[in-house]
Amino acid sequence: MYKIVTTREIAPKERLFEVEAPDIAAKAQPGQFVMLIIGSKGERVPLTICDYDAKKGTVSFAFHEVGKTTKELGLLKEGDCIENLTGPLGNPSEIKNYGKVLCVGGSIMIAPLLLQVKAMKEAGNKVTTLLGARIKDGLSMENEAEAMSKKVYIATDDGSKGYKGLDFLKKLLETEKFDRCVVMGPVVMMKAVSEITKPFGIPTIVTLTPIMIDGMGMCGVCRVTVGGKMLFACVDGPEFDGHQVDFDELISRQRLFLPEERLSSELWELGGCKCGRNKA
Amino acid sequence: MAETKPKPKIKKEAIEMPKQEPKERVKNFSEVALGYSEEQALEEASRCLQCVKPQCVNGCPVEVPIPEFIKCIREKKYAEGITTIKTKNALPAVCGRVCPQEEQCQVKCVVGKIGQPVSIGRLERYLADWERDNGFQMPEKAKPTGKKVAVVGAGPAGLTVAADLVKLGYDVTQFEALHLAGGVLVYGIPEFRLPKRIVQNEVDYIQKLGVDLRLGNLIGRTHTIPELMKNGYDAFFIGSGAGLPQFMDLPGENLGGIYSANEFLIRVNLMKAYNFPEYDTPIRIGKHVVVIGGGNVAMDCARSSMRLGASVCLLYRRSRDELPARKEEIENAEEEGLVCKFLAAPLRFIGDERGWVKAMDCECMELGPPDASGRRRPVPIKGSEFTMETDTVIIAIGQTPNPIIQRTTEGLVVNPKHGTIIVDENGKTSLDGVYAGGDVATGAATVISAMGMGKKAAKAIHAYLSNKK
């Protein structure tokens, strides 16, 4: 069992958990993820690592309460336990001094992006950060981003805060040169940013979060096409060259189980199914 | 010997084991084979000739003392019988169910020369199930040696090594990457062939022996073998299996509705997707499932799909005679409604507007001369293309070892073609004190061959550590 040490609401329905997991904390590096199982009937959910503290023996991850498991997680409090946490999984990010790095984070992936910002800064890079979300409420951790970045840009799809959409990014790239771009966010956002950076020739690294089950190369449900080759996001990634990823296929594969996910989530809203795992 | 000579007249037919009727069982995930009653077990046991030089034992990869345990059944000394098996085999309830006895112990049975061989597997299962109903007995353990062994993987090979070494007095830590122990026994073999509570019982038994089982611990990520060496482990056994699924590299393979056998079986078995939404992990199954492949894994996928309500066609590129699956499994599957399409292979998958598979183009094959595997090689017939409608495809064409341990253990020599760890006949790898066995060394094979290699490796590790100061 893995004990929750702290919980923090970073935005409406978005939470950051710090969990006791000394083995994982000792090995975790930016870019990696953990696999969470909430209880004995639970699914395996991959979550990108947002922070780790080897001394304290804790690891942090953020989640948005959109599906059954994340809603169930949202009810847990400090001191509660999670049945299983496996990790760290996936390959660590390539962190080194590139020069000027643009870090782009969207919605719930803002929290793990800040670990990239921190690591890139510590490696000597000048980091510019762009935080985006559909609406103002999806933004989070702006203060942390401010503290670690040279400059922070904000954008929302509806323009409720900061720039409206990502059009401004093209203009920014026309005036400012970046040596590397790191994007963590919804697939549509990673696709859009990759398309914007491509003509400028900025190496762009995206973190893919397709459906996964085991997260260690066994099932192949996370297969993605990168540069025309079939790769597994869990063991070959999760970071890939954004200019090589077939995002449309990824979007389609992410929706494979949408009806089942909705059913599960709705049943949960109705007070759980008849198996005794009720909400309260 | 007080034992009276068996009567010369032996019944030629083996006692059949009761099974669920095909029409019924295809609607549920409960175990198909129901096990012998005491009367049936006694009658079957009476068919054993109690050979002075038993051939059956030679056919068993772990050398279970077969005539001895059958004798115990005849004398109704069931506790003694199971103890006899467990001197050699820590997982009898599993082996009694999934071993291919017809190619191992039973093929050598002398009774088989005049009729059907003694049903050794069914009798083994009878004793194992008897023990589960009557309480486990703990074997004697040797004095602690003070030496630590790390076992990587809690599948058939790893569980065997862990059980053998803990009984010899070693301090055994077993690292399992998944959240449940059992390896292929829990993620691969379906509930209706091997109920998961039976695997869990065997795992519980091994834990009661004193093995420290650490779940959710992926060696190569959470810890590495070189790190564990520094942390005081004296020897290692790698039994990480063959978990990496193979795809066909055909157009359209990433469409929705196309599963690797591993994904399909992990969802259904490990995550219990057939109980969705009580369990969180879903499975989407259409009406017309095509399973590509012909091994036991393909049969497991086909039979699971039928239980989920689909009609299933097995597509195999060779003919019936070359099917690698156990005959019993093929018969079971066909009784349940499996349709086989032999001598055909897919060319491409075709999707609908939502990105879901709706058909596949295939071509017919004929058999040419034998290939490296000794089986006749399938050769495409020109102009034989045809289209099959389908909404779910399961690719069951084999698995290879996961490379993560090999990549994170410097000096471990690996077969570059198959990714398997190279070992000698005792399971010793290129590294001192590091042994390996099961599918990670052989490529995908059977549960019992993995256990057999585990046995040998455990012996070799014991010898190695006994000599090591």
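Located above this text is the structure these notes cover.
Below is a short write-up of the structure. (Residues numbered from 1 in each chain as written. Chains lettered and ligands numbered in written order. Predicted model: local features only at pLDDT ≥ 70, side-chain atom pairs only at ≥ 80, totals over all residues. Heavy atoms only, no water.)

Some words on the overall build of chain A
Item 1. Counting its regular elements, chain A contains 9 helices and 16 strands.
Item 2. Here the C-alpha atoms of chain A give a radius of gyration of 18 Å, agreeing with the 19 Å that 2.2 N^0.38 yields for 280 residues.
Item 3. With the principal axes as the frame, chain A shows a C-alpha extent of 60 × 40 × 40 Å.
Item 4. Within chain A, buried positions represent 58% of all 280 residues.
Item 5. For chain A, long-range pairs separated by at least 24 residues make up 64% of all intrachain contacts whose partners lie at least 6 apart in sequence.
Item 6. Accessible area for chain A stands at about 11600 Å²; split by element, carbon and sulfur atoms hold 50% of it.
Item 7. Positive and negative charge centroids in chain A, built from 37 and 37 side chains respectively, lie 2 Å apart. (Helix = DSSP H or I, 4+ residues; strand = E, 2+ residues; numbered from the N terminus. Rg over C-alpha atoms; globule rule 2.2 N^0.38 Å. Buried < 20%, exposed > 50% of the residue type's maximum accessible area, 1.4 Å probe, protein only. Contact = heavy atoms within 4.5 Å. Areas by Shrake-Rupley, 256 points an atom, 1.4 Å probe, with all protein chains shown as cover. Lys, Arg positive; Asp, Glu negative; His and termini not counted. Charge placed at Lys NZ, Arg CZ, Asp CG, Glu CD.)

Quick word on the overall build of chain B
Item 1. The helix and strand tally for chain B stands at 17 helices and 16 strands.
Item 2. Dimensions along the principal axes, computed over C-alpha positions, put chain B at roughly 70 × 60 × 50 Å.
Item 3. Evaluated residue by residue, chain B yields a buried proportion of 59% over its 469 residues.

Description of helix α3 (residues 66-74) of chain B
Residues and elements named next belong to chain B.
Item 1. Among all positions of α3, only Ile66, Pro67, Phe69, Ile70, Cys72 and Ile73 are buried.
Item 2. Turning to α3, the residues buried within the fold contact α2 (38-45), α4 (78-86), α6 (105-108) and α7 (120-134).
Item 3. Just past α3, the residue lysine 76 takes up positive phi, approximately 60 degrees.

Considering the pattern of salt bridges
All names here are of chain B.
Item 1. Here the structure, examined in full by the defined rule, presents 45 salt bridges over all chains.
Item 2. Among the salt bridges present, the one from aspartate 164 reaches lysine 455, with a minimum N-O distance of 3.2 Å. A residue pair is termed long-range when its members are at least 10 positions apart, and aspartate 164 in helix α8 (residues 156-167) and lysine 455 in helix α17 (residues 447-467) qualify at 291 residues. Residues aspartate 164 and lysine 455 agree in their burial class; the two are buried.
Item 3. Arginine 193 is paired through a salt bridge with aspartate 300; the nearest N and O atoms lie 2.8 Å apart. Of the two residues, arginine 193 is situated in the loop between α9 (184-187) and α10 (196-208) and aspartate 300 in helix α13 (residues 296-307); the sequence distance between them amounts to 107 residues.
Item 4. In this structure arginine 193 comes out as buried when scored by relative accessible area, which is 12%. (Salt bridge = Lys/Arg side-chain N within 4 Å of Asp/Glu carboxyl O.)

Some details on the nonpolar core
Item 1. Phe69 and Val291 of chain B are the most contacted members of the largest nonpolar core, which totals 118 residues.
Item 2. Tallying contributions element by element places α17 of chain B first for this core, with 10 residues. (Core = buried A, V, L, I, M, F, W, Y, C linked by side-chain atoms within 4.5 Å.)

Details of the interface of chain A and chain B
Item 1. With 47 residues of chain A at the interface, the matching set in chain B holds 42 residues.
Item 2. Connecting chain A to chain B are 4 salt bridges.
Item 3. With its nearest N and O atoms 2.5 Å apart, the salt bridge here joins glutamate 260 of chain A to arginine 284 of chain B.
Item 4. The interface formed by chain A and chain B includes 21 residue pairs in polar contact (both at pLDDT 80 or more).
Item 5. The set of elements that each furnish at least two residues to the side of chain A that touches chain B consists of α1 (22-27), α2 (68-74), β7 (84-89), β14 (223-226), β15 (229-232), α8 (247-254) and α9 (258-269) of chain A.
Item 6. No other element matches β7 of chain A, which puts 6 residues into the side of chain A that touches chain B.
Item 7. Of the residues assigned to the side of chain A that touches chain B, the class counts are 21 nonpolar, 14 polar and 12 charged. (Polar contact = N/O pair within 3.5 Å; in protein donor to acceptor, adjacent residues only side chain to side chain. Nonpolar A, V, L, I, M, F, W, Y, C, P; charged D, E, K, R; others polar.)

What to know about the side chain of arginine 267 of chain B
Item 1. Within the secondary structure, arginine 267 of chain B sits in helix α12 (residues 261-270).
Item 2. Here arginine 267 of chain B falls in the buried class, since its relative accessible area comes to 3%.
Item 3. Setting aside residues up to four positions removed in sequence, arginine 267 of chain B forms contacts with Ile211, Ile213, Val221 and Phe257 of chain A together with Tyr259, Lys272, Ala273, Thr281, Pro282 and Ile283 of chain B.

Digging into the packing of aromatic side chains
Item 1. Considering all chains together, one arrives at 15 aromatic pairs over all chains under this definition.
Item 2. For the pair tyrosine 153 of chain A and phenylalanine 168 of chain A, a centre-to-centre distance of 5.8 Å together with 40 degrees between the ring planes defines the contact as tilted. Taken together, the positions of tyrosine 153 of chain A in strand β10 (residues 151-156) and phenylalanine 168 of chain A in helix α5 (residues 167-175) put the pair 15 residues apart, joining distant regions of the chain. You'll find tyrosine 153 of chain A and phenylalanine 168 of chain A in the same group, each marked buried.
Item 3. Seen from their ring centres, phenylalanine 232 of chain A and phenylalanine 247 of chain B are 6.1 Å apart, and the 85 degrees between their planes marks the pair as edge-to-face. Pair noted here: phenylalanine 232 of chain A is in strand β15 and phenylalanine 247 of chain B is in the loop between β5 (244-245) and β6 (258-260), and the two residues belong to different chains.
Item 4. We note lysine 151 of chain A situated over the ring of tyrosine 153 of chain A; from NZ or CZ to the ring centre the distance is 5.0 Å. (Phe/Tyr/Trp six-rings, centres within 6.5 Å; stacked < 30°, edge-to-face > 60°. Lys NZ or Arg CZ within 6 Å of the ring centre and 35° of its normal.)

A word on helix α14 (residues 327-335) of chain B
Residues and elements named next belong to chain B.
Item 1. Taken residue by residue, α14 has Glu329, Ile330, Asn332 and Ala333 as its buried positions. The buried residues of α14 occupy an angular sector of 165 degrees when the element is viewed end-on, so they sit on one face.
Item 2. Looking at the buried residues of α14, the elements they touch are α1 (22-25) and α13.
Item 3. Just beyond α14, the residue with positive phi is glycine 337, at close to 115 degrees. (Arc of directions from axis to C-beta.)

Any functional reading would require information beyond the geometric quantities listed.
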